[in-house]
Structures are given as structure tokens and as C-alpha cells.
Amino acid sequence: MKLSEIKSILPTLENVAFQLEDGTFVPEHFHVTEVGQVSKHFIDCGGVIRQEKIVNFQLWDANDFEHRLKPAKLLHIIELSEQKLGIEDNEIEVEYQAETIGKYGLQFNGKNFVLKNKATACLASDACGTKTKAFEPSFNNLSVENANACAPGSGCC
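About the criteria used
Residues numbered from 1 in each chain as written. Predicted model: local features only at pLDDT ≥ 70, side-chain atom pairs only at ≥ 80, totals over all residues. Heavy atoms only, no water. Helix = DSSP H or I, 4+ residues; strand = E, 2+ residues; numbered from the N terminus. Areas by Shrake-Rupley, 256 points an atom, 1.4 Å probe, with all protein chains shown as cover. Phe/Tyr/Trp six-rings, centres within 6.5 Å; stacked < 30°, edge-to-face > 60°. Buried < 20%, exposed > 50% of the residue type's maximum accessible area, 1.4 Å probe, protein only. Lys NZ or Arg CZ within 6 Å of the ring centre and 35° of its normal. Pairing = 2+ DSSP bridges. Axes fitted to C-alpha atoms, helices over the stretch in contact; angles between N-to-C directions. Salt bridge = Lys/Arg side-chain N within 4 Å of Asp/Glu carboxyl O. Lys, Arg positive; Asp, Glu negative; His and termini not counted. Polar contact = N/O pair within 3.5 Å; in protein donor to acceptor, adjacent residues only side chain to side chain. Contact = heavy atoms within 4.5 Å.

K.L.:
If you had to explain the overall build of the protein to someone new, which residues and values would you point to?
P.N.:
Check the secondary structure of the protein and you find three helices and six strands. Going from N to C terminus, the protein has its helices and strands arranged as α-β-β-β-α-β-β-β-α. When the accessible area of the protein is evaluated, it comes to approximately 10900 Å², of which 51% is carbon and sulfur surface.

Set out below in C-alpha cells:
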């Protein structure tokens, strides 16, 4: 989702809710602690120099249980960041703390904002020889002749 999309959705909402893909919600007392633009200048494993720009939102689950971020307030924060930081209309990436800081894409399901899981990928698979097809293990060459090799009392451990 691009910044312009969230800006057009927020005025239509009564509340702002973020939901993970597994259906659980970010606690409703969350704070948006950052809105910014992140620029990434890097080289991929195939030697291609690349640049990316994203809009970054950071969500924080605070101990402030009475806090509720309203759509107008989030829209104000976004507009202030555009004005003060020159943030462009790029894709939004959301940082949210679970076991560690996770990075998520953002979608809207008609009622809630959904944090979409992101994954790493090779950007130069043709240059470095990685297969684009998912790994499919083959069990054709497995033998069952030693199936009981690690049975209790067999001495394998």
C-alpha cells in the first residue's frame, strides 16, 4: 500500500486497527512512534546497484492502556511528516515488535489494516544460479533397511 492510499482510507474510518496475517490484532493502545522515509542504496549478489525508498511506520505496544490513535491523528502525523521531511508517495513498510522487530507490508481489508508478512529473496537469481522454483525434497532414494537403527537399545545414540 502506498502512502496516498492510506491517506485516502483514514478519513473513512472511525478507528485505526492493525491486524497480523494470522488474525491477531496489534493491541488497540498501540502508538505510531515513527513515520519516515527510508532510502536503501545497495548492491545485489549479481553486482547490480539498486536503490529503494519506502515509507516507514513503526508501531509500539505501549503500557498506556487508555491510548487510542484516531484516524485523524494518524493522518495529521503523516501530513506533518510529508511537510517536514519531504516524504514521497512510496510503499509503506511497517515495523512491529514481536520476538524481534518484524517488517511488514501493508494492506487494507475493508475494515482493518493488515500487516503482511515479508520474505527475503534473491534479486539476481539469474546471475547467481539460484532456482526460482521452491525446494521440493525427493524421498525416492531413501532406504528403509536401517529403519530400526535408532530403536531403543540399538546403541545408535
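Having put the structure on the table, let's press on.
K.L.:
Could you give an account of the packing of aromatic side chains, naming the residues involved and the relevant values?
P.N.:
Throughout the structure, instances matching the rule amount to three aromatic pairs. A centroid spacing of 4.9 Å and a plane angle of 50 degrees characterise the contact between phenylalanine 108 and phenylalanine 113, whose relative ring orientation is tilted. Among the residues examined, phenylalanine 108 registers a relative accessible area of 26% and is labelled partly exposed. A relative accessible area of 0% places phenylalanine 113 in the buried class. Counting every residue linked through ring pairs, the aromatic cluster contains Phe18, Phe30, Phe108 and Phe113. Across the ring face of phenylalanine 42, the terminal group of lysine 40 is positioned such that the distance to the ring centre comes to 4.8 Å.

K.L.:
Outline the pairing of strand β5 (residues 101-108), supporting the account with residue identities and numerical values.
P.N.:
The pairing of strand β4 (residues 92-97) with β5 spans four bridges and is antiparallel. Following the sheet pairing, glutamate 95 is matched in β5 by lysine 103. Here β4 hands over to β5 after three residues, the two strands then running antiparallel side by side. Summarising the sheet, β5 and strand β6 (residues 113-117) pair through five bridges and their orientation is antiparallel. Its bridge partner lying in β6, tyrosine 104 is registered against asparagine 117.

K.L.:
Lay out the sheet that holds strand β3 (residues 49-61) with the relevant residues and their values.
P.N.:
With mixed pairing, six strands are arranged side by side in an open sheet as β1-β6-β5-β4-β3-β2. The open sheet has two free edges, formed respectively by β1 (18-20) and β2 (30-43), since each of these has just one partner strand. Going from strand to strand, the sheet's axes swing by 40 degrees on average, the running direction of each strand aside. The pairing of β2 with β3 spans 13 bridges and is classified as antiparallel.

K.L.:
Could you give an account of the pattern of salt bridges, naming the residues involved and the relevant values?
P.N.:
With the rule as written, the count across this model stands at seven salt bridges. Between glutamate 28 and arginine 68 there is a salt bridge whose closest N-O contact spans 3.1 Å. Of this pair, glutamate 28 sits in the loop between β1 and β2 while arginine 68 is found in the loop between β3 and α2 (71-85), placing the two residues 40 residues apart along the sequence. Here aspartate 44 makes a salt bridge to arginine 50, at a shortest N to O gap of 2.7 Å.

K.L.:
Residues and numbers for the side chain of glutamate 95, please.
P.N.:
Note that glutamate 95 resides in strand β4. Nearest to the buried, unbridged glutamate 95 among oppositely charged side chains is lysine 103, at 4.6 Å. Here glutamine 58 takes part through its side chain, which lies 3.0 Å from a polar atom of the side chain of glutamate 95. With sequence-adjacent residues up to four places away left out, glutamate 95 is seen in contact with Asn56, Phe57, Gln58, Leu59, Ile101, Gly102 and Lys103.

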